[in-house]
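# Coordinate analysis (summary)
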Amino acid sequence: MDRLQCMRVLVKVAETASFAQAARQLHMSAPAVTRAVAYLEETTGARLFVRSTRSVKLTPSGSRYADDCRRILSDIDEAEASAGGSHSTASGILSITAPVLFGQIHVVPILTAFLSTHPAVTGRVLFFDRMVNLVEEGIDVAIRIGHLQDSDQQANKVGGVRRVVCGAPAYFARHGEPVTPADLTRHVTIVNTGSSAPLDWHFAPNHTPVKLHPRMYCNTVDASISAALTGWALTRTLSYQVAEHLAAGRLRTVLDQYEEEPLPIHVVHVEGRHVSAKTRAFVDFAVQKIKALGL
């Protein structure tokens, strides 16, 4: 069987979570789709999908293999476009990653505006609160918050975000405001346990980290913000994550004078002699748009 075509079938089944839907979109028969996936499972020696009467899901091996297939197919599309002289025109699948809330709040509007002016480009977003390997996961562009390690990637700094301690007016009415970081040990606090969130709260260099005694641990920023909005406790987030609540007066920051230096925001892509037109166009577009946000 044509292995590349089988890869295209597998990716479509993964995207639609349905053999029948993939067959319809690819204008193939359902048995042909089943045979293509079976061929890849036999070739790889791995089970790629878990099938039931109600759902079709990738196995962990299948998920990794599907990501590899997307990258291979994208590379082939770009190679063919370059050979055909159309490498200067933005086209194909553009894969973007960003932190979850930043992606939802800022990246999605930027991407939809970009896609509206580039009809030959299809967007694919993957929002994670973890570091994503652009090469291994087939990502074209990443929006990253924090200090970057040395790498072979091109980075454009577009702004910065603060780490802020905040609470609702109702909380401060009952408990008062902390005047120094050390005062936080006497306040009710919520700590984020996400992959990029420090459990100890660090402040300006001349202050030691505060050893907290949290009343709640949350693995998502949304949950800690929701709890803070009730007036029950203080939490610490990145400034963009609570900007709307601060502007509306639902939350208020404290200890601003003790904050660390802002964390930089970068638009990142892998360097190379043949950066695709879609990547170049989106990087230029995103850098301009994010800078205009004034973060």
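Look a little higher up for the structure.
Residues numbered from 1 in each chain as written. Predicted model: local features only at pLDDT ≥ 70, side-chain atom pairs only at ≥ 80, totals over all residues. Heavy atoms only, no water.

## Quick notes on the overall build of the protein chain
Rules: Each helix is a run of DSSP H or I of at least 4 residues and each strand a run of E of at least 2, with the numbering of both proceeding from the N terminus. Three labels apply to residues, based on accessible area from a 1.4 Å probe with only protein chains included: buried if under 20% of the type maximum, exposed if over 50%, partly exposed otherwise in between. Should any heavy atoms of two residues lie within 4.5 Å, those residues are considered in contact. Where accessible areas are quoted, they stem from the Shrake-Rupley method and a 1.4 Å probe; at the residue level, only the protein chains shown are allowed to cover.
When you go through the protein chain residue by residue, the secondary structure sums to nine helices and 12 strands. Across its three principal axes, the protein chain shows a C-alpha extent of roughly 70 × 45 × 35 Å. Across the 295 residues that make up the protein chain, the buried fraction comes to 43%. Pairs at least 24 residues apart make up 74% of the contacts formed inside the protein chain by residues separated by at least 6 positions. Only carbon and sulfur atoms are counted for the fraction: they give 52% of the accessible area of the protein chain, which is about 15,500 Å².

## As for the nonpolar core
Inclusion rule: In plain words, nonpolar cores are sets of buried Ala, Val, Leu, Ile, Met, Phe, Trp, Tyr and Cys residues tied together by side-chain atoms within 4.5 Å.
Counting residues in each nonpolar core, the largest one holds 35 residues, and the members touching the most others are Leu-94, Val-141, Ile-143, Val-267 and Phe-282. Once residues within four sequence positions are removed from consideration, Ile-143 is found in contact with Thr-97, Ala-98, Pro-99, Phe-102, Val-107, Ile-265, His-266, Val-267 and Ile-290. Within the second largest apolar cluster, 20 residues are counted, among which are Cys-6, Val-9, Ala-22 and Leu-40.

## Some thoughts on helix H3 (residues 30–44)
Rules: Multiplying 1.5 Å by the residue count of a helix minus one yields the expected span of that helix.
With 15 residues, H3 extends 22 Å between its outermost C-alpha atoms, agreeing within 8% with the 21 Å of an ideal straight helix rising 1.5 Å per residue. Among the residues of H3, those classed as buried are Ala-32, Val-33, Ala-36, Val-37, Leu-40 and Glu-41. Immediately downstream of H3, the backbone of Gly-45 shows phi near 75 degrees, a positive value.

## Things to note about the sheet that holds strand E12 (residues 263–270)
For the record, the criterion: Note on pairing: two strands pair once DSSP finds at least 2 bridges between them. Think of each axis as a best-fit line through the C-alpha atoms, taken over the contacting stretch in the case of a helix, with angles from 0 to 180 degrees between the N-to-C directions.
Within the open sheet, the five strands sit side by side as E4-E3-E5-E12-E6. Their pairing is mixed. In the strand order of this sheet, the two ends are held by strand E4 (121–127) and strand E6 (153–161), each with one partner. With direction set aside, neighbouring strand axes in the sheet form an average angle of 20 degrees. Of the strand pairs in this sheet, E6 and E12 are connected by eight bridges, and their pairing is antiparallel. Residue Asn-156 lies in a different strand from E12, and its bridge partner there is Val-267.

## Quick word on the layout of surface pockets
Threshold: Here a cavity denotes a set of grid points, spaced 1 Å apart and computed over the protein atoms alone, in which a 1.4 Å probe fits but from which it cannot get out, and a pocket denotes an open set meeting protein on both sides within 12 Å along at least five of seven lines; residues with an atom within 4 Å of a point are reported as lining. Grid points are joined across faces, edges and corners, and a volume is the space filled by probe spheres set on the points. Gly is placed with the polar residues, together with every amino acid not listed as nonpolar (Ala, Val, Leu, Ile, Met, Phe, Trp, Tyr, Cys and Pro) or charged (Asp, Glu, Lys and Arg).
Taken as a whole, the second largest pocket encloses approximately 540 Å³ of empty space. Arg-70, Leu-73, Ser-74, Asp-77 and Ile-93 are the residues nearest the centre of the second largest pocket, which is lined by 30 residues in total. Residue assignment for the lining of the second largest pocket shows that the elements contributing at least two residues are helix H1 (3–16), helix H4 (60–83), strand E3 (92–98), E4 and helix H9 (277–292). For the lining of the second largest pocket, a count of residues per class yields seven nonpolar, 11 polar and 12 charged.

## Focus on the sheet that holds strand E9 (residues 216–218)
Ordered by their spatial adjacency, five strands build an open sheet running E9-E8-E10-E7-E11, and the pairing between neighbours is mixed. Each edge of the open sheet is held by one strand with a lone partner, namely E9 and strand E11 (252–254). Strand after strand, the sheet turns through a mean of 40 degrees between neighbouring axes, direction not considered. Note that strand E8 (residues 189–192) and strand E10 (residues 234–238) share two bridges and pair parallel. Bridge assignment links Ile-190 to a residue of E10, and that residue is Thr-235. Its contacts with the sheet place helix H7 (residues 221–229) against E8, E9 and E10, and it is angled at close to 170 degrees to E8.

## Some points on H1
Rule in force here: Nitrogen and oxygen atoms within 3.5 Å of one another constitute a polar contact, given that in protein one can donate a hydrogen and the other can accept it, and given that sequence-neighbouring residues count only through two side-chain atoms.
Taking 1.5 Å of rise per residue, 14 residues should cover 20 Å, and H1 covers 20 Å from first to last C-alpha, within 8% of that figure. Turning to H1, its buried residues are Cys-6, Met-7, Val-9, Leu-10, Val-11 and Val-13. For H1, the N-terminal capping position is held by Asp-2, with its side-chain oxygen 3.0 Å away from the main-chain nitrogen of Leu-4. Where H1 ends, the next residue or the one after it, Ala-17, has phi of about 55 degrees, a positive value.

## Focus: empty space enclosed by the protein
In the structure shown here, the tally under the stated rule is one cavity of 30 Å³ or more. The calculated volume of the largest cavity comes to roughly 40 Å³. Taken together, Val-161, Arg-162, Arg-163, Glu-260, Glu-261, Pro-262 and Leu-263 make up the lining of the largest cavity. Of the residues in the lining of the largest cavity, the class split is three nonpolar, no polar and four charged.

## Some words on unusual backbone geometry
For residues that are not glycine, phi is negative in most cases, and the peptide bond is trans in most cases. For Ala-17, which is not glycine, the phi dihedral falls at a positive 55 degrees. Structurally, the position occupied by Ala-17 is in the loop between H1 and helix H2 (19–26). Ala-17 sits in the partly exposed class, given a relative accessible area of 39%. With a phi close to 60 degrees, His-27 is a non-glycine residue in the positive phi region. Taking the relative accessible area as the measure of exposure, His-27 reaches 74% and is therefore exposed.

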